[in-house]
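# Chain and residue survey
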Amino acid sequence: RFYDGSTNKQIDLPDLRFTTTDTGTYYFWAAYGTSQTDIVTVTAIGFPVPELPDDPEPENTSFARRVLLTQFTGTGCGYCPGMITLLRSLMEDDEYASKVVLTACHSYNSDDPAYLLDRLDQAMGVSSYPMVVADMYVSYNNYNNMNGLMSVIDMAHGRSAAKAGISASAELNGNTLVVRASIKASQTSEFRIGAWLLEDGIEGRQSNYNPGTWTGNYDVHDNCIRIADSRVSNSNFTGHSLGTIEAGETAEYAFVMTLEDGWVAENCHLALFITTPEDGEDYFSVNNAVSCSINGEVSFDYLK
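Residues numbered from 1 in each chain as written. Predicted model: local features only at pLDDT ≥ 70, side-chain atom pairs only at ≥ 80, totals over all residues. Heavy atoms only, no water.

Once that is clear, we can look at the overall build of the protein. Scanning the protein from N- to C-terminus turns up four helices and 20 strands. Its C-alpha atoms give the protein a radius of gyration of 20 Å, within 12% of the compact-globule value 19 Å for 304 residues. Relative to its 304 residues, the protein shows a buried fraction of 49%. Partitioning the intrachain contacts of the protein with sequence separation of at least 6 by distance along the chain shows that 71% fall at a separation of at least 24. Computed over 17 positive and 40 negative side-chain charges, the separation of the two mean positions in the protein equals 4 Å. (Helix = DSSP H or I, 4+ residues; strand = E, 2+ residues; numbered from the N terminus. Rg over C-alpha atoms; globule rule 2.2 N^0.38 Å. Buried < 20%, exposed > 50% of the residue type's maximum accessible area, 1.4 Å probe, protein only. Contact = heavy atoms within 4.5 Å. Lys, Arg positive; Asp, Glu negative; His and termini not counted. Charge placed at Lys NZ, Arg CZ, Asp CG, Glu CD.)

So this is what it looks like as structure tokens:
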């Protein structure tokens, strides 16, 4: 028996197929006897899914590796300008900027104009602010120590080679953003994938408990997570399952996001990442990440 997931009413699916000419998101689940499936989501769009970029080196499986660095912050956090200062200096260093994809989760206070409803802070065990989390694996909260922050990034970057590369193509049509991603494995592993929509230039008055030392402009906020499309559960945002991918093989995943009124599309971009199981643990952490524009593409990035 098949059911409409939005109404839970039984429906007929001729030939076990669903087709539509109307754009929108549709929900289904099925039952057999006393068993039932999870809800399956189908999103129909009114324009073609973008083509992926060509693979520049089809035989290569040695990929550059980047750390997904997530800053947990908020406009009401008076110590956060200290961490913002460290991160700004870090991203001015080409060596470290090339190692990370920086994102910012505004979860400290709900009146923050960049506040994210998804509880990434709880999912990553954030209990104090400011804090950064590298690869959903290791956290750091000393906003007065640049060497410590660099050490965390070095540790995260060096603890594992890239098990896969990511290529993607994105297109915004009206308020609908479609992102098509391809994952190419260098090692046989189980993989998950996520995509976060980020926005720069969000204005919000920032609390500052040490204005004599932290003297920059902290009222404009960049890399703010608007959509975290990687939810497994309320306490797990490690991404959508791709199953096991054999070394040298590829898998694809498509994301569909809706930009809300008031978000500035010209200031938006994407962070895409893959997660893999930690050795000997029933836990996934980020293994690689890339950035992509919302009307552009990113190719597989191979080691030079």
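So much for the structure itself; the text now carries on.
This paragraph deals with the pattern of salt bridges. All chains considered together, the criterion is met by twelve salt bridges. Among the salt bridges present, the one from Asp301 reaches Arg66, with a minimum N-O distance of 2.7 Å. Within this pair, whereas Asp301 is found in the segment after strand 20 (297–298), its partner Arg66 is found in the loop between strand 5 (40–44) and strand 6 (67–73), the two being separated by 235 residues in sequence. A salt bridge links Arg180 to Glu252, with the nearest nitrogen and oxygen atoms 3.0 Å apart. Within this pair, whereas Arg180 is found in strand 11 (residues 176–185), its partner Glu252 is found in strand 17 (residues 250–258), the two being separated by 72 residues in sequence. Counted as one network, the salt bridges with shared partners bring together Glu51, Arg180 and Glu252. (Salt bridge = Lys/Arg side-chain N within 4 Å of Asp/Glu carboxyl O.)

Turning our attention to the state of the cysteines. Overall, the coordinates contain one disulfide when judged by the stated rule. Covalent S-S linkage joins Cys77 and Cys80, the inter-sulfur distance amounting to 2.3 Å. Here the S-S torsion is close to 90°, and the disulfide linking Cys77 with Cys80 is therefore right-handed. No difference in accessibility class separates Cys77 from Cys80, as the two residues are buried. In this structure Cys268 is not part of a disulfide, and its nearest cysteine sulfur, from Cys224, lies 9.9 Å away. Here Cys292 stays unpaired: no disulfide links it, and the sulfur of Cys268, its closest cysteine neighbor, is 13 Å away. Since its relative accessible area comes to 4%, Cys292 is described here as buried. (Disulfide = S-S within 2.5 Å.)

What follows is about the packing of aromatic side chains. Counted by the stated rule, this structure contains twelve aromatic pairs. Centre to centre, the rings of Tyr3 and Trp29 are 4.2 Å apart; their planes meet at 10°, and the pair counts as stacked. Remark: Trp29 occurs in strand 3 (residues 24–32) and Tyr3 occurs in strand 1 (residues 2–4); sequence separation between them is 26 residues. Here Tyr3 matches Trp29 in class, with each residue buried. (Phe/Tyr/Trp six-rings, centres within 6.5 Å; stacked < 30°, edge-to-face > 60°.)

Without other data, these values stay purely geometric and don't point to any function.
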